[in-house]
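Coordinate inspection notes
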Amino acid sequence: MPFIATLYFRTAIILLIIGIGIGLHMSMVGDHAPMGAHAHLNLLGWVTGALFGTYYALNPGKASGRLPMLQYAVHMIGLVIMIPALYLMLKGNTSLEPFVAGGSMIVFAGVLLFGWIVFSGDSKAA
Ligand code: HEM
Ligand code: HEM
């Protein structure tokens, strides 16, 4: 499996463990306020990350070079800013909203970059 696919799956499973941890914690303490952080960590971190990894695994010709690593870095930097800020914002720290917005835009940039990779030519198409 290409390195970038392994990297995505390793990161995604860590994010799922943290995401489920938040879900269990919400249930145990009976405070569902951070639901959005739980949902988006699982959906952008685990589901979307694993789908990105699956795409690279199925298309090894697209998995090498700098662009996939840049795409991974942008997606993860966005999530590392967006999710903790969203968690704390939903817990009442409304001043963090600009970080949620900024992190979301970085995640969006990573998704656009992924779109570019999907549509770009592939000399070694599998
Ligand atoms: C054992 C694992 C999990 C636990 C204990 C858990 C727990 C929770 C809890 C307590 C809520 C809040 C429900 C509410 O207030 O209405 C919630 C919402 C949500 N969870 Fe999880 N969750 C788990 C796994 C997952 C996974 C794996 C995903 C996605 C892949 C996910 C996606 C969501 C979404 C999208 C919502 C929002 C649902 C809505 O809009 O009503 N959860 N979860
Ligand atoms: C940067 C990307 C994203 C942004 C900025 C975003 C933004 C939002 C916003 C503003 C809400 C409404 C929250 C509320 O009513 O309190 C929401 C809800 C939701 N989004 Fe996203 N979203 C993103 C990505 C995604 C993705 C990739 C998925 C699925 C794969 C997804 C699934 C959901 C679901 C299931 C809900 C309802 C549960 C909840 O309220 O947390 N979102 N999203």
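To start, this report covers the structure provided alongside it. (Residues numbered from 1 in each chain as written. Chains lettered and ligands numbered in written order. Predicted model: local features only at pLDDT ≥ 70, side-chain atom pairs only at ≥ 80, totals over all residues. Heavy atoms only, no water.)

Time to look at the overall build of the chain. Helices and strands together make up the secondary structure of the chain, namely 4 helices and 0 strands. Counting helices and strands in the order they occur from the N terminus, the chain gives α-α-α-α. Principal axes of the C-alpha set define a box for the chain whose edges measure 50 × 30 × 15 Å. Across the chain, the fraction of contacts at a sequence separation of at least 24, relative to all contacts at a separation of at least 6, is 76%. When the accessible surface of the chain is totalled, it reaches about 7,000 Å², and 75% of it is carbon and sulfur. (Helix = DSSP H or I, 4+ residues; strand = E, 2+ residues; numbered from the N terminus. Contact = heavy atoms within 4.5 Å. Areas by Shrake-Rupley, 256 points an atom, 1.4 Å probe, with all protein chains shown as cover.)

Coordination of the iron atom of ligand 2 by the protein involves just one donor, His 40 (NE2), at a distance of 2.1 Å. You can see His 40 is positioned in helix α2 (residues 35-58). (Donors = N, O, S within 2.8 Å, 3.2 Å for Na, K, Ca; no water.)

Attention now moves to the site of ligand 1. Surrounding ligand 1, one finds 13 residues, the nearest of these being Ile 20, Ser 27, His 32, His 38 and Asn 42. Contact distances for ligand 1 include 2.6 Å between an oxygen atom and a side-chain N or O atom of His 32. At a separation of 3.5 Å, a nitrogen atom of ligand 1 approaches a polar side-chain atom of Asn 42. When residues of the shell around ligand 1 are traced back to their parent elements, those giving at least two are α1 (3-29) and α2. (Near = heavy atom within 4 Å. Polar contact = N/O pair within 3.5 Å; in protein donor to acceptor, adjacent residues only side chain to side chain.)

Right, let's get into the coordination of the iron atom of ligand 1. Around a metal, the ideal angle is 109.5 degrees if four donors adopt a tetrahedral arrangement and 90 or 180 degrees if six donors adopt an octahedral arrangement. If you check the protein contacts of the iron atom of ligand 1, you find one donor only, His 38 (NE2), at 2.0 Å. Locating His 38 in the fold gives a position in helix α2.

Further remarks concern the site of ligand 2. Every residue close to ligand 2 is listed here: Met 35, Gly 36, Ala 39, His 40, Leu 43, Leu 44, Ser 104 and Val 107. One of the side-chain nitrogen or oxygen atoms of His 40 is found 2.9 Å away from a nitrogen atom of ligand 2. Of all elements in the fold, only α2 and α4 (97-119) reach the threshold of two or more residues within the shell around ligand 2. In terms of residue count, α2 provides more of the shell around ligand 2 than any other element does, 6 residues in total. By residue class, the composition of the shell around ligand 2 is 5 nonpolar, 3 polar and no charged. (Nonpolar A, V, L, I, M, F, W, Y, C, P; charged D, E, K, R; others polar.)

Looking now at the packing of aromatic side chains. According to the stated counting rule, one finds 7 aromatic pairs in the structure shown. Aromatic pair Tyr 8 and Phe 52: ring centres 5.6 Å apart, planes at 65 degrees, arrangement edge-to-face. Of this pair, Tyr 8 sits in helix α1 while Phe 52 sits in helix α2, placing them 44 residues apart in sequence. Grouping residues by exposure puts Tyr 8 and Phe 52 together as buried. (Phe/Tyr/Trp six-rings, centres within 6.5 Å; stacked < 30°, edge-to-face > 60°. Buried < 20%, exposed > 50% of the residue type's maximum accessible area, 1.4 Å probe, protein only.)

Looking now at the pattern of salt bridges. Evaluated as defined, the whole model comprises 1 salt bridge. Note that Asp 31 and Lys 91 form a salt bridge whose closest N and O atoms lie 2.8 Å from each other. Placement of Asp 31 in the loop between α1 and α2 and of Lys 91 in the loop between α3 (66-90) and α4 is noted, with a sequence separation of 60 residues between them. A relative accessible area of 44% means that Lys 91 is categorised as partly exposed. (Salt bridge = Lys/Arg side-chain N within 4 Å of Asp/Glu carboxyl O.)

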